[in-house]
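So you can see what is in the structure, the chains are spelled out below.
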Amino acid sequence: MSIFSLAVALSGQGKDDEAREMYLNLLEVQKRVLGDEDLHTLRTAEKLASLVSRQGDYEKAERMYQDVIMSLKNILGAEHPETLEASSGIAILYNRQGRIREALELHEHVWTLREQLLGPMHPQTLESMRERAESLIQLGRYEQAATLYQKTLQRREKILGFDHPATAEARQ
């Protein structure tokens, strides 16, 4: 098992302090050995930004996301799935900060590109739909959110099956 995978697993278990330490150590080594703009380094930095955001250090997380997104745009392009994933992460951060309109705008942008590039039934496209719905809820736009949640659920049931964890999540 890699250190990266172990940090992901620890974070998934709620052991965020341990995961953060592992990500920080790994990131230091990756920057030294692979360089700042290596994809492995950027993936680790993006995971760390997500964890830092969940821990409530929003300013630090935002700077980290911005750096990752800028590097990914330079290396892979603005429409690459890796860049869109990091953009989705910063949109979630905006939601946490109460910057709901900015979050919704970015979620819509990511969703539009994912739908064009990956297709309307791709799991990442469906995740973008769910994230858009969450922003709509926070803005009090309940009917639009309900429509998106329903579409997301129907599509997840169709492609992933009724019992898949992502489908079950969409039903909650």
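This one's a predicted model, so the numbers in the text were calculated from it and none came from an experiment.

Re the overall build of the chain
Here comes step 1: What the chain contains, in helices and strands, is 9 helices and 0 strands.
Here comes step 2: Each helix and strand of the chain, placed in order from N terminus to C terminus, yields the pattern α-α-α-α-α-α-α-α-α.
Here comes step 3: With respect to the principal axes defined by its C-alpha atoms, the chain has extents near 50 × 30 × 30 Å.
Here comes step 4: Counting all 172 residues of the chain, 40% fall into the buried class.
Here comes step 5: Summed over its atoms, the accessible surface of the chain is roughly 9400 Å², and 50% of this surface lies on carbon and sulfur atoms.

Observations concerning the packing of helix H3 (residues 39-54) against helix H5 (residues 81-97)
Here comes step 1: Running from amino to carboxyl end, H3 crosses H5 at an angle of 10 degrees, the nearest separation of the two axes being 10 Å. As judged from the angle between their axes, H3 and H5 are roughly parallel. As for the relative orientation of H3 and H5, their crossing is left-handed in sense. Where H3 abuts H5, its residues Arg-43, Glu-46, Ser-50, Ser-53 and Arg-54 lie against Glu-82, Glu-85, Ala-86, Leu-93 and Arg-96.
Here comes step 2: In the contact of H3 with H5, the residues fall into 2 nonpolar, 2 polar and 6 charged.

Overview of H3
Here comes step 1: The terminal C-alpha atoms of H3, which comprises 16 residues, lie 23 Å apart, in line with the 22 Å expected from a rise of 1.5 Å per residue.
Here comes step 2: All of the buried residues in H3 are Thr-41, Leu-42, Thr-44, Ala-45, Glu-46, Leu-48, Ala-49, Leu-51, Val-52 and Ser-53.
Here comes step 3: On its buried face, H3 is in contact with helix H1 (3-12), helix H2 (16-33), helix H4 (58-75) and H5.
Here comes step 4: Downstream of H3 by a residue or two, Gly-56 has a phi angle that is positive, lying close to 95 degrees.

What about the pattern of salt bridges?
Here comes step 1: Applying the stated criterion to the full structure yields 10 salt bridges.
Here comes step 2: One salt bridge in this structure joins Glu-82 and Arg-43, with 3.0 Å as the shortest N-O distance. Pair noted here: Glu-82 is in helix H5 and Arg-43 is in helix H3, with a separation of 39 residues, a long-range link.
Here comes step 3: Its relative accessible area of 25% is what places Glu-82 among the partly exposed residues.
Here comes step 4: Judged by its relative accessible area of 31%, Arg-43 falls in the partly exposed class.
Here comes step 5: Salt-bridge contacts for Arg-114 lead to Glu-85; the nearest nitrogen and oxygen are separated by 2.7 Å. Of this pair, Arg-114 sits in helix H6 (residues 100-118) while Glu-85 sits in helix H5, and the two are 29 residues apart along the sequence.
Here comes step 6: With relative accessibility at 34%, the residue Glu-85 sits in the partly exposed group.
Here comes step 7: Sharing partners across several salt bridges, the network here consists of Glu-127, Arg-130, Glu-134 and Arg-156.

Cut-offs applied
- Residues numbered from 1 in each chain as written.
- Predicted model: local features only at pLDDT ≥ 70, side-chain atom pairs only at ≥ 80, totals over all residues.
- Heavy atoms only, no water.
- Helix = DSSP H or I, 4+ residues; strand = E, 2+ residues; numbered from the N terminus.
- Buried < 20%, exposed > 50% of the residue type's maximum accessible area, 1.4 Å probe, protein only.
- Areas by Shrake-Rupley, 256 points an atom, 1.4 Å probe, with all protein chains shown as cover.
- Axes fitted to C-alpha atoms, helices over the stretch in contact; angles between N-to-C directions.
- Parallel < 35°, antiparallel > 145°, perpendicular 65-115°, else oblique.
- Left-handed = near helix turned anticlockwise from the far one by under 90°.
- Contact = heavy atoms within 4.5 Å.
- Nonpolar A, V, L, I, M, F, W, Y, C, P; charged D, E, K, R; others polar.
- Expected span 1.5 Å × (residues − 1).
- Salt bridge = Lys/Arg side-chain N within 4 Å of Asp/Glu carboxyl O.

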